[in-house]
Amino acid sequence: MSDEEHQFESKADAGASKTYPQQAGTIRKNGYIVIKNRPCKVVEVSTSKTGKHGHAKCHFVAIDIFNGKKLEDIVPSSHNCDVPHVNRVDYQLIDISEDGFVSLLTDNGNTKDDLRLPSDEALLTQIKDGFGEGKDLVVSVMAAMGEEQICALKDVGPK
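This report concerns the structure included in the present document. Not measured: the values here are computed from a predicted model.

Each value, and the rule that gives it
- Residues numbered from 1 in each chain as written.
- Predicted model: local features only at pLDDT ≥ 70, side-chain atom pairs only at ≥ 80, totals over all residues.
- Heavy atoms only, no water.
- Helix = DSSP H or I, 4+ residues; strand = E, 2+ residues; numbered from the N terminus.
- Polar contact = N/O pair within 3.5 Å; in protein donor to acceptor, adjacent residues only side chain to side chain.
- Contact = heavy atoms within 4.5 Å.
- Pairing = 2+ DSSP bridges.
- Axes fitted to C-alpha atoms, helices over the stretch in contact; angles between N-to-C directions.
- Patch = residues over 30% accessible without salt bridge, like charges linked within 9 Å, V, L, I, M, F, W, Y side chains within 5 Å.
- Areas by Shrake-Rupley, 256 points an atom, 1.4 Å probe, with all protein chains shown as cover.
- Salt bridge = Lys/Arg side-chain N within 4 Å of Asp/Glu carboxyl O.
- Lys, Arg positive; Asp, Glu negative; His and termini not counted.
- Charge placed at Lys NZ, Arg CZ, Asp CG, Glu CD.
- Expected span 1.5 Å × (residues − 1).
- Buried < 20%, exposed > 50% of the residue type's maximum accessible area, 1.4 Å probe, protein only.
- Arc of directions from axis to C-beta.
- Disulfide = S-S within 2.5 Å.
- 1 Å grid on protein atoms, 1.4 Å probe; cavity = no way out; pocket = protein on both sides within 12 Å on 5 of 7 lines; lining within 4 Å.
- Points joined across faces, edges and corners; volume = space filled by probe spheres on them.
- Nonpolar A, V, L, I, M, F, W, Y, C, P; charged D, E, K, R; others polar.
- Core = buried A, V, L, I, M, F, W, Y, C linked by side-chain atoms within 4.5 Å.

## Examining the side chain of Thr106
Relative to the helices and strands, Thr106 resides in the loop between strand S8 (101–105) and strand S9 (111–116). For Thr106, the side chain forms a polar contact with the side chain of Asn108, separated by 2.6 Å. The contact partners of Thr106, leaving out residues within four places of it in the chain, are Tyr91 and Lys112.

Here you go:
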């Protein structure tokens with residue numbers, strides 16, 4: 001029918017969901033949940049009894065895993081909640097640039113240069129001091145829902 005070629009713009013996404021559904025009554029403390037489109041770690045769960053009209057409710061208190069804000073949500077225990085796919089990967093720190101970005105070494109030998117230094121002051125000073133002293137540092141990067149952030153630091157020893 002048509003001889004012209006079609007051009008498709010690649011978005012480099014396989015279509016995998018950033019979250020998966022889980023029944024609210026099965027989510028426990030230290031699990032993960034999405035509240036107001038933010039990935040959160042659950043710090044407290046309380047369940048109310050069924051009332052006159054039916055559903056038991058779960059009250060979640062959770063902390064955003066990237067910015068530390070406290071969020072709350074109340075969901076009927078029989079309903080589904082979104083749970084984020086959370087990955088944690090360790091990378092070796094190679095360099096810190098002046099504009100606040102870090103250069104990390106991946107397991108396959110490539111570099112990852114798209115991460116900023118963390119906003120957490122204590123972790124930031126630990127990374128800068130350790131790097132300034134020439135120590136071999138390994139940073140843990142937490143990724144969820146398309147966001148990535150450095151969340152922990154390990155000292156492997158001197159170079």
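## Topic: the sheet that holds strand S4 (residues 57–64)
Strands sit in the order S2-S3-S4-S5 across an open sheet of 4 strands; the sheet is antiparallel. Sheet topology places strand S2 (32–35) and strand S5 (70–76) at the edges, where each strand pairs with a single neighbour. Ignoring strand direction, the axes of neighbouring strands in this sheet form an average angle of 45°.

## A look at a negative patch on the surface
A cluster of acidic residues, Asp95, Glu98, Asp99 and Asp113, forms a negative patch at the surface. With respect to the helices and strands, the residue Asp95 is situated in strand S7 (residues 86–96).

## Quick word on helix H1 (residues 121–132)
Between its first and last C-alpha atoms H1 spans 16 Å; for 12 residues at 1.5 Å apiece the expected length is 16 Å, and the two agree. The complete set of buried residues in H1 reads Leu123, Leu124, Ile127 and Gly130. Along the axis of H1, the buried residues cluster in a sector spanning 145°; they form a single face. Residues Glu121 and Gly132 are exposed on H1 and point more than 90 degrees away from its buried face. With its phi angle positive at about 80°, Gly134 sits one or two positions after the end of H1.

## Side note on the state of the cysteines
Any covalent bond linking the sulfur atoms of two cysteines counts as a disulfide. One pass over the full model with this rule turns up 0 disulfides. Cys81 provides the cysteine sulfur closest to Cys58, a residue in no disulfide bond, and the two sulfurs are 7.5 Å apart.

## Some points on the layout of surface pockets
Approximately 180 Å³ is the volume found for the largest pocket. The biggest single contributor to the lining of the largest pocket is strand S11 (residues 147–158), with 3 residues. Partitioning the lining of the largest pocket into residue classes produces 6 nonpolar, 4 polar and 3 charged.

## A look at the nonpolar core
Within the largest apolar cluster, 14 residues are counted, with the highest numbers of intra-cluster contacts made by Leu93, Val102, Leu104, Ile127, Val139, Val141 and Ile150. Mapped onto this core, the elements with two or more residues apiece are S7, S8, H1 and strand S10 (135–144). Setting aside anything within four residues of it in sequence, one finds Ile150 in contact with Val102, Leu115, Arg116, Pro118, Leu123, Ile127, Val139, Ser140 and Val141. Core analysis: the next-biggest nonpolar cluster, separate from the first, contains 13 residues, Cys40, Cys58, Phe60 and Cys81 among them.

Any functional reading would require information beyond the geometric quantities listed.
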